[in-house]
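Listed below are the residues making up each chain.
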Amino acid sequence: MFNLGGGRRGTPRIQNHVQVVEQILLEIGVDPAQARMNTADGFGWRFQRGSAAIEIYVTQQEDAGFLQVLAPILHLPMTNLLPLYRHLLELNLQLTSASLGVYLDVVYVFSERPLEGLDAVEANSLISLVAEYADELDDKLVNEFGGRLYGRI
């Protein structure tokens, strides 16, 4: 859904960033082979951090590649949407290098960055930030506004 398409899965430029992401996953205790997801275009990984599912994509769209880190954190409640939306916008002002957004009935923590000039330190920082925000915010938002944690029935 957020995964940008475009093909050219195996370009050397993309492969270098794939290796960086897989090394970061190893360093945080995630087996990249087990976390790997099949994607239509590009590369993807999914792992659990606390109560949150974290997804990482390295993709190529036309002449630009992107690193995307996202975490679906909760399904929208049936009521109290306006206060929740306002709170999400207020939280956006407090987040560093990440945003909250809604797609269909799910709230996401999301960060996207072009691959150009991206190094391992910044990639690790983006992955860590999204994972921390997601794990911290999911329970708080459900407790305050209702809804249910992503992936829970």
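Look above for the structure.
Worth saying up front: this structure is predicted, and the values here are computed from it rather than measured.

Visitor: Looking at this structure, I do not really get the nonpolar core. What am I missing?
Guide: Side chains of a nonpolar character, in soluble globular proteins, are inclined to be buried together. Membership of the largest hydrophobic core comes to 43 residues, with the highest contact counts inside it found for Trp-45, Ile-56, Leu-67, Ile-73, Leu-100 and Leu-141. Those elements giving two or more residues to this core turn out to be helix H1 (12–27), strand S2 (43–49), strand S3 (52–61), strand S4 (64–75), helix H3 (81–92), strand S6 (106–114) and helix H4 (120–145). With twelve residues, H4 is the single largest residue contributor to this core. Contact partners of Leu-100, with chain neighbours within four places excluded, come to Ile-73, Leu-88, Leu-91, Asn-92, Leu-95, Val-107, Tyr-108, Val-109 and Leu-137. In this structure, Leu-70, Val-106, Tyr-108 and Phe-110 belong to the second largest nonpolar core, which totals five residues.

Visitor: How should I be thinking about the pattern of salt bridges in this particular structure?
Guide: When the charged atoms of two side chains with opposite charge come close together, those side chains can pair. Here the structure, examined in full by the defined rule, presents five salt bridges. With a closest N to O distance of 2.7 Å, Arg-113 and Glu-122 form a salt bridge. Glu-136 is the partner of Lys-140 in a salt bridge, and the nearest nitrogen-oxygen pair spans 3.5 Å. Taken together, the residues span about one helical turn, with Lys-140 and Glu-136 both in helix H4 at a distance of four residues. Glu-136 sits in the partly exposed class, given a relative accessible area of 44%.

Visitor: Just checking my understanding: could you explain the pairing of S3 for this structure?
Guide: Every regular strand shows the same layout, with side chains that alternate between the two sheet faces. Where burial is concerned, most of S3 is hidden: nine out of the ten residues are buried. Sheet analysis places S2 next to S3, joined by seven bridges and oriented antiparallel. Note that in S3 the partner of Gln-48 across the bridge is Ala-53. Linkage of S2 to S3, two consecutive antiparallel strands, is achieved through a turn of two residues, within which Gly-50 is found at a positive phi near 65°. Examined bridge by bridge, S3 and S4 share seven bridges and lie antiparallel to one another.

Visitor: Got a minute to help me understand the pairing of strand S5 (residues 99–103) in this structure?
Guide: Examined bridge by bridge, S5 and S6 share five bridges and lie antiparallel to one another. Within S6, the residue paired with Tyr-103 across the bridge is Val-106. Joining the antiparallel neighbours S5 and S6 is a turn of two residues, in which Leu-104 adopts a positive phi near 55°.

Visitor: I keep staring at the side chain of His-75 and nothing clicks. Help me out?
Guide: Looking at the secondary structure, you find His-75 in strand S4. The exposure class of His-75 is buried, given its relative accessible area of 12%. At a separation of 3.3 Å, a polar atom in the side chain of His-75 contacts the side chain of Asp-105. In contact with His-75, not counting residues within four places along its chain, are Asp-105, Val-106, Gly-147, Arg-148, Leu-149, Tyr-150 and Gly-151.

Visitor: In this structure, what is going on with the environment of Glu-112? I would like to understand it.
Guide: For Glu-112, the position within the fold is in strand S6. Classification of Glu-112 as partly exposed rests on a relative accessible area of 36%. In this structure, the C-alpha to C-alpha distance between Glu-112 and Val-69, residues 43 residues apart in sequence, is 6.4 Å. Within polar-contact distance, the side chain of Glu-112 engages the side chain of Gln-68 at 2.8 Å.

Criteria and cut-off values
Residues numbered from 1 in each chain as written. Predicted model: local features only at pLDDT ≥ 70, side-chain atom pairs only at ≥ 80, totals over all residues. Heavy atoms only, no water. Core = buried A, V, L, I, M, F, W, Y, C linked by side-chain atoms within 4.5 Å. Buried < 20%, exposed > 50% of the residue type's maximum accessible area, 1.4 Å probe, protein only. Helix = DSSP H or I, 4+ residues; strand = E, 2+ residues; numbered from the N terminus. Contact = heavy atoms within 4.5 Å. Salt bridge = Lys/Arg side-chain N within 4 Å of Asp/Glu carboxyl O. Pairing = 2+ DSSP bridges. Polar contact = N/O pair within 3.5 Å; in protein donor to acceptor, adjacent residues only side chain to side chain.

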